[in-house]
Amino acid sequence: MFHLYFRGRIHGLERMPQQGRVIIVSNHASDFDPPIVASSMARPVAFMAKEELFKVPILKDAIRLYGAYPVKRGASDRSAIRAALDYLEQGWAAGLFMEGTRTPDGRIHNPKLGAALIAAKAEAPLLPVCVWGTHAILQEGSGMPRPVPVTVRVGELIDPPRSTQRQELEAITQKCADILNGLHDLGR
């Protein structure tokens, strides 16, 4: 579906480590982003997903099958952090959206510190992965996905923070956000 229906392009996939711990940090403009990013990375990616999704009977089973785990938004969720660390230990990549929610334009405006915190605890590098075009897949009032062009761009690995001190987490988080916004500006 990614390659045929959305005429998907992936740039920089060679930067994705095929083994070892890695935290994928991404922008988020559409419900299509988690499966598009996960299927583009050539290895399993476990994404945090808002806990409300795990209350929808069929959806919860489907997203768990693909490695999603619940997170309580708005507060530090120790069980979600532990789940991310467990997936990393099992050889999965951990995927987090920098804002923790969708943005209408796909850019990062208010990044959260969660990815940097997990990277520091796991001593895992961060990999910026930008999705472009997904904001236009669904039009308001239409349930049918539009065949818009979608591009995935993989940035350079970023070393994990050396500590969990807030100032260092903020610096790494802002660096990731700046890189993602720069990748987004490249467009198709």
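Residues numbered from 1 in each chain as written. Predicted model: local features only at pLDDT ≥ 70, side-chain atom pairs only at ≥ 80, totals over all residues. Heavy atoms only, no water.

Going by the annotation in an unreviewed UniProt entry, the name recorded for the chain is 1-acyl-sn-glycerol-3-phosphate acyltransferase, with Limnoraphis robusta CCNP1315 given as the source organism. Looking at the chain in UniProt, the text filed under Sequence similarities (unreviewed entry) is "Belongs to the 1-acyl-sn-glycerol-3-phosphate acyltransferase family." Its UniProt record gives the chain a comment under Catalytic activity (unreviewed entry), which states: "a 1-acyl-sn-glycero-3-phosphate + an acyl-CoA = a 1,2-diacyl-sn-glycero-3-phosphate + CoA". (UniProt positions renumbered as here; feature names shortened; annotations may be inferred.)

Counting residues in each nonpolar core, the largest one holds 35 residues, and the members touching the most others are Ile-23, Val-25, Tyr-69, Ile-118 and Leu-126. Among the secondary structure elements, those contributing two or more residues to this core are strand S2 (23–26), strand S3 (45–50), strand S4 (69–71), helix H3 (78–89), strand S5 (93–97), helix H4 (114–122), strand S6 (126–132) and helix H5 (166–185). Residues contacting Tyr-69, with those up to four places away along its chain left out, are Ala-46, Phe-47, Met-48, Ala-49, Phe-54, Ala-80, Ala-83, Ala-84, Tyr-87 and Gly-95. Judged by nonpolar contacts, the second largest core, of 22 residues, contains Met-16, Ile-24, Val-129 and Val-154. (Core = buried A, V, L, I, M, F, W, Y, C linked by side-chain atoms within 4.5 Å. Buried < 20%, exposed > 50% of the residue type's maximum accessible area, 1.4 Å probe, protein only. Helix = DSSP H or I, 4+ residues; strand = E, 2+ residues; numbered from the N terminus. Contact = heavy atoms within 4.5 Å.)

Counting buried residues in S6 gives six out of seven residues, a clear majority hidden from the surface. Where S2 lies against S6, four bridges are found, and the strand directions are parallel. What sits directly across from Ser-26, in S6, is Val-129. As paired strands, S6 and strand S7 (residues 151–154) are joined by four bridges and run antiparallel to one another. The partner of Trp-132 across the bridge, within S7, is Thr-151. (Pairing = 2+ DSSP bridges.)

We now examine the layout of surface pockets. Approximately 1400 Å³ is the volume attributed to the largest pocket. Put simply, the parts of the chain that give the lining of the largest pocket at least two residues each are helix H1 (33–40), S3, helix H2 (57–65), H3, S5, H4 and H5. Residues belonging to the lining of the largest pocket are distributed by class as follows: 28 nonpolar, 10 polar and 10 charged. (1 Å grid on protein atoms, 1.4 Å probe; cavity = no way out; pocket = protein on both sides within 12 Å on 5 of 7 lines; lining within 4 Å. Points joined across faces, edges and corners; volume = space filled by probe spheres on them. Nonpolar A, V, L, I, M, F, W, Y, C, P; charged D, E, K, R; others polar.)

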